[in-house]
Every structure is written in structure tokens, then in C-alpha cells.
Amino acid sequence: MSGAAVRGATIEVRQLSRAFGQVVALNEVSFDVAPGIVGLLGPNGAGKSTLLKILTGELRPSLGSVRVLGLDPFANPEYFARIAVAPEQEALFEDVTGREFITFMLKLRGHDAADAGRRAEEHLDAMGLADAMHRKIGGYSKGMRQRCKLAAVFSADAEALFLDEPLTGLDPVWRHRIQTRIRERAEAGVTVVFSSHVLHEVEQATRQVLLLHRGRLAAQGEAREIRAMVDKHPHRIHVECARPREIGARLLAWDSVESVRVTPKGLLVTTPKPDRFYASLTEASAAEDLGVTGLHSPDDSLAALFETLVGG
Amino acid sequence: MSGPVRPPGAAKTVLETAAFTLLRTARGKRWMIAAALVLLPTVIALIVRASDVSPFRQERVFFGLLINLHFKLAVAGTALAFATAFPWPEADDASLTWWFTSPVKRWAVALGRFAAALVTGLVLLPCAALLLKSAVVGRPTSDLGAVARSAALATVVVYPAYLAVFSLVSAWTRRALVIGLVFVVLENFLVALQGNVARLTMIHHVKSLLAPSITPDIGRAAWSIVSRDFEASAASTSVTALVATTVIALALSLVLVTRGEYRGKTSQAA
């Protein structure tokens, strides 16, 4: 499937294919993206990370072309001066402090040491890491690492942001704050590519979605259309928390929760209404400390949807 | 939006990268591996000395440790440990993205990483040669200090060559550690063959740089045990060979890093 051409597009992808040996990771993908947020959605292994690595100039296309901000991305410093990238994994330098890390990244963007240090502190503070900025990143929790990565990205003042699973590991309150921050950037004219395997996360940030499945662009369009299809499938959310039995009993009373199962790290919640569940959890977490430290969504429901979309 | 700041030039990128890498190295574990390798010959020499062996036998141990442990293991091993830290391990944990999506030349980042590894090795390794001498009590007529000083200077020339060769392999393949170990074993085999084939090895040139400091008065008998039938090249030839190896391997590694694609093991494909 090819996406439609968009006037004023900042990202133009044409017949993009990428193979690794015999494995085709991307197969004739075409789309345009205008400034604003676009969700890059697909189950694990769909080709999202490969597409992001091509868009961010770390990999070359095997076939086809990619232009972002009018430039060829691969190993192009002129292009990198205008973008910022948050990789998916807990990819940070363990041996340095949060402040040292972001200060260094800003120095590579041309800021002098004093300015870089000041900006690093501002952005770490905005991500709730004021008290931790002088500690080594190796001692950060998963959520703190994610916020540190995002502080580095936001500090760059880039024209395009590429965020690979940016909400993974964050508690409900920080997920909401980061989503708000991303929307603010988009409203200021920044192009944001938001990759996730969780529809709800993307849906909260944008209506525009690119769906990848098995290396192909399965669909491009409004998130609510996809939502209507996804709601036919039960949605599972893993809630990491310290007191699973107590929290589980409370969650069962919510009408958005179908079932709750205690797991070694917390709870596995099944919900037919994930958007309502996430909203209720954010409200409850903001009102009192529930001890929820992270949310993860297995992609079963989304994978089932993709199978439906492609007739698999 | 893009501010008025301009990304740094190549020289500043190299310096910033080297400084940041040295900071990380000082807090990481690789320098401890290097320090352990560096101290190993001295520790063994001290154990030998404590077992009350004769000064002549201590000299033999000194030359054996200098060639076989210092140059073949510590120098080559330290170079391999630092060279293989980049770029593949960072591609695997995705931290390479921070380097390779920064608005600087890839080759400048790679050169900064090389410079940091060079500084660390050149601080540790020449000292190791001098330290080894301090752990040995040779015969009164043997000036092992002169040999140790030559060894320190030879280390300064050969370590960059090893580092550059292993950096080239690391830029080319993620199996650099295995290939590096094979390289070291192969080099030991070739140097034992003597003749022109041996001249292709870095160990031959190290021995050639040491040879002038070893006179009949200061341990030639002991030296001959680790260098039987050794035909030294001229010192200028050996220095030229090692410097040329450094320059060519480093230049090729920078080209490879600039053009290469580094995809982590955990990356997924459909």
C-alpha cells in the first residue's frame, strides 16, 4: 500500500525497500508526512525500527528514496543538526551523569560548555530529574532513563523528532506529561514521528497513523478508524506496581476492567476499553500514589488487527 | 527550531569526543582489564624474585615477560580491548545512535574514540615496561634499565599500530574480538618462523627496536633465549613500518566507519 502525497511534506518516502540478507524488513513503502505528529504503529518485527533508522540516517535504503527536511538522511551532519532521535532501548552512557550526558550531546550540536550545562539542567529539571542529574545514569530506573533520553531530545530544539517507543517504562503521570510536551512541540511546527506498538499511546498523541505490518505499509490514516477495529479485540495491559493484590482489587471495581491477574512484577489487566482504563489510571495516580511504576502493553490485540487488515 | 549555534568542526569534535570517552573510560571496567594485563608481568617478576632465583635467571624471566607477556599480551590485549569497544557493542545497545545522529562527522567521532584509547594505553603501557624492570634484580653488569627504556619507547610506537589494526577490524566486522585474537596467535606463529615472513609481524619490529640496547654486557645471553637466531631490522625500518601500519589502518578504519551501517543485534526485521 502506498500513502498519498502531501503538500508541504517534511518527510517523503518513495518505494522504500530494505533487506538484510534474505530478510526483507521493508517492502516498497511510500508515504509523505507533513509537520505535526505522525504515529508509526505496528507489532514488534513490523519494520518500525528499520524505517526509523533509515529516516534518522543510520541505515541506507536498499531501494527507493527518502528525503527528510529536503535532505538525504544517511550520515549527513547537515541533516542531523535539524533532527533529534530517541532510540528505543535503554540506550544511554551508563558511566556518566545525566547532566554530563546531555551537556556533551549539546556540545556536539555546537553549544559552548556553559550554555550546554545550563540547558542540560533546565531540561533535566523539566523531566523531574533535578535531584538525579548528578548521579550516574547506570543507577537510574527505567522511567528515569526514558525521561533522561527525552530531555536530551527536547534540549536539541530540532525541526523533526524521531521517538521510538518514548513512553515505555513511564508511570501514568509522566506518560501524560510527555504526551503533552510532544503535542506542544508539534503545535510549534515540529514534525514528530512517534513509533509505538501500542495504539493507545499513539492515539493520545495524534490522529495520523502509519501502520506497518511485515515490512509493508498496511494502512495510513485516522487513528479512530483503527481504534474501531481494535476495540473488537481484548486489550491487555501489564501494570508494574508494588502492591499488586491491593491495586488489583481496586481496578476490578472499574467498569473499564474486564479481568485482572497477578504476575511476578505486578498485574495483567484485560480491558475492552483501553482508553478509558488509561485515563482512569492517570487520574487515580495523580490523586494518590498507587505505587504504579510502569505500564506495558503486549501487542496481541494489535497483531490480531494487522492480521485482519492484511488478510493474514 | 534551529538556533544560531553551529555544530563543531572536526578538530573540536575529536577533542570533545576524546575527553568524554576518557571520562567514561576512567569510570568503566575496560581500563581495569587493561591495568590487570599491564601489571601481570610485574606481579610474576615479583613472585620469581621472592623465590630467590639467581640474577641471571631473573634476567631470563625479565626478557621472557617483556616479550611474551608485555608486548604479546598486555600491549596487544589492551589495544584489542579498547578497539573493540566501538562501534559494534554500542550498536547492540543502541547508544551508537547518539553518536551517529549528532551533527558531526562520523570519522571525527571515530578519531576521538581512537585518541582516547591511545592516551589511556600510552599512559599505562610504557610505565608497565619500566615497572617490570623495577621488579627484577639482574647481574651487576647488566643494565636492564636501558632495555626497559627501549621497551617503553617501542611500546609507544607499537601500541598505536595494534590499536589502529584492531580499530580497522572493528569498523569492518562485529567479530573483531575473535579476529583480533586470531591475529595475535598468527603473529606469534609467523615471528617464530624467522626470515622475511617474520618481518611482516609487529613483534619482529618490537624486537628490532629492543635489540640495540642489548649488548653482550647487559643480558645478551638471557635475551637470546627469547630471540634465538633473531635477525633485527634497522630501527628506522621498524619505526617506519609501525608508523605506516598505524596511519594506513587508521585511515581505512575512519573510511569504513563513515560509510558503514551498524545495526544492533536486537534490531528486528519482518
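Described below are features of the structure shown in this document. (Residues numbered from 1 in each chain as written. Chains lettered and ligands numbered in written order. Predicted model: local features only at pLDDT ≥ 70, side-chain atom pairs only at ≥ 80, totals over all residues. Heavy atoms only, no water.)

**Brief notes about the overall build of chain A**
Then step 1. Counting secondary structure elements, chain A contains eleven helices and 13 strands.
Then step 2. Computed over its C-alpha atoms, the radius of gyration of chain A comes to 20 Å, within 12% of the 20 Å expected for a compact globule of 312 residues.
Then step 3. Evaluated residue by residue, chain A yields a buried proportion of 58% over its 312 residues.
Then step 4. Within chain A, contacts between residues at least 6 apart in sequence are counted, and of these 68% link residues at least 24 apart. (Helix = DSSP H or I, 4+ residues; strand = E, 2+ residues; numbered from the N terminus. Rg over C-alpha atoms; globule rule 2.2 N^0.38 Å. Buried < 20%, exposed > 50% of the residue type's maximum accessible area, 1.4 Å probe, protein only. Contact = heavy atoms within 4.5 Å.)

**A word on the packing of helix 6 (residues 106-134) of chain B against helix 7 (residues 144-172) of chain B**
Residues and elements named next belong to chain B.
Then step 1. Between helix 6 and helix 7, the shortest axis-to-axis distance is 9 Å and the interhelical angle comes to 155 degrees. Between helix 6 and helix 7, the interaxial angle falls into the category roughly antiparallel. Judged by the sense of rotation from one axis to the other, the crossing of helix 6 with helix 7 is right-handed.
Then step 2. When the residues that make up the contact of helix 6 with helix 7 are grouped by side-chain class, the tally is 17 nonpolar, four polar and two charged. (Axes fitted to C-alpha atoms, helices over the stretch in contact; angles between N-to-C directions. Parallel < 35°, antiparallel > 145°, perpendicular 65-115°, else oblique. Left-handed = near helix turned anticlockwise from the far one by under 90°. Nonpolar A, V, L, I, M, F, W, Y, C, P; charged D, E, K, R; others polar.)

**What to know about the pairing of strand 3 (residues 36-41) of chain A**
All names here are of chain A.
Then step 1. The element strand 3 is largely enclosed, with a buried count of six among its six residues.
Then step 2. Side chains Gly36, Val38 and Leu40 of strand 3 all project onto a buried face; the interleaved residues Ile37, Gly39 and Leu41 project onto the opposite face, where all are buried too.
Then step 3. The pairing of strand 3 with strand 7 (residues 191-196) spans six bridges and is parallel. In the strand pairing of strand 7, Leu40 is matched with Ser195.
Then step 4. With three bridges connecting them, strand 3 and strand 8 (residues 208-213) associate as parallel partners. Note on strand 8: the bridge partner recorded for Gly39 is Val209. (Pairing = 2+ DSSP bridges.)

**Some remarks on the packing of aromatic side chains**
Then step 1. Here the structure, examined in full by the defined rule, presents 16 aromatic pairs over all chains.
Then step 2. With a centroid separation of 5.6 Å and an interplanar angle of 50 degrees, the aromatic rings of Phe93(A) and Trp99(B) are classed as tilted. Here Phe93(A) is found in the loop between strand 5 (83-86) and helix 3 (98-107), whereas its partner Trp99(B) is found in helix 5 (residues 96-100) on a different chain. Of the two residues, Phe93(A) and Trp99(B), neither departs from the other in class, the shared state being buried.
Then step 3. An aromatic cluster of at least three residues, connected via ring pairs, comprises Phe93(A), Phe101(A), Phe104(A), Phe20(B), Trp98(B) and Trp99(B).
Then step 4. Its end group placed over the ring of Phe100(B), Arg106(B) keeps NZ or CZ at 4.2 Å from the ring centre.
Then step 5. Looking at Arg263(B), its charged tip hangs above the ring of Phe20(A), at a distance of 3.5 Å from the centre. (Phe/Tyr/Trp six-rings, centres within 6.5 Å; stacked < 30°, edge-to-face > 60°. Lys NZ or Arg CZ within 6 Å of the ring centre and 35° of its normal.)

**As for the interface of chain A and chain B**
Then step 1. With 50 residues of chain A in contact, the opposing surface of chain B contributes 39 residues.
Then step 2. Counting each side, the surface lost to burial between chain A and chain B is near 4000 Å², with a carbon and sulfur contribution of 60%.
Then step 3. Of all residues in chain A, Phe93(A), Phe104(A) and Leu108(A) give up the largest surface area on contact with chain B, accounting jointly for 17% of the area buried on that side.
Then step 4. The tally of links between chain A and chain B comes to three salt bridges.
Then step 5. In this structure, the connection of chain A to chain B is made through seven residue pairs in polar contact (both at pLDDT 80 or more). (Buried area = accessible area lost by both parts, 1.4 Å probe. Salt bridge = Lys/Arg side-chain N within 4 Å of Asp/Glu carboxyl O. Polar contact = N/O pair within 3.5 Å; in protein donor to acceptor, adjacent residues only side chain to side chain.)

**Remarks on the environment of Met105(A)**
Then step 1. Following the sequence through the fold, Met105(A) ends up in helix 3.
Then step 2. Met105(A) sits in the buried class, given a relative accessible area of 9%.
Then step 3. Along the chain, Met105(A) and Val153(A) lie 48 residues apart, while their C-alpha atoms are 9.5 Å from each other.
Then step 4. Aside from chain neighbours lying at most four places away, what touches Met105(A) is Trp98(B) and Ser102(B).

**Section: the side chain of His123(A)**
Residues and elements named next belong to chain A.
Then step 1. Along the chain, His123 turns up in helix 4 (residues 113-126).
Then step 2. Judged by its relative accessible area of 10%, His123 falls in the buried class.
Then step 3. Once residues within four sequence positions are removed from consideration, His123 is found in contact with Ala151, Phe154, Ser155, Arg181 and Arg185.

**Structural notes on the sheet that holds strand 6 (residues 160-164) of chain A**
All names here are of chain A.
Then step 1. Pairing within the open sheet is mixed, and its six strands lie in the order 5-6-7-3-8-9. Pairing within the sheet leaves two strands with one partner each, and these edge strands are strand 5 and strand 9 (216-222). Strand-to-strand twist in this sheet, taken as the mean axis angle between neighbours without regard to direction, amounts to 15 degrees.
Then step 2. Across the sheet, helix 5 (residues 142-154) touches strand 5 and strand 6, and the angle it forms with strand 6 is around 165 degrees.
Then step 3. Relative to strand 3, helix 6 (residues 172-187) is tilted by about 130 degrees, and along the sheet it contacts strand 3, strand 6 and strand 7.

**Remarks on the environment of Ile179(B)**
Then step 1. Relative to the assigned elements, Ile179(B) resides in helix 8 (residues 176-193).
Then step 2. Each C-alpha atom of the pair Ile179(B) and Leu46(B) lies 33 Å from the other, and the pair is 133 residues apart in sequence.

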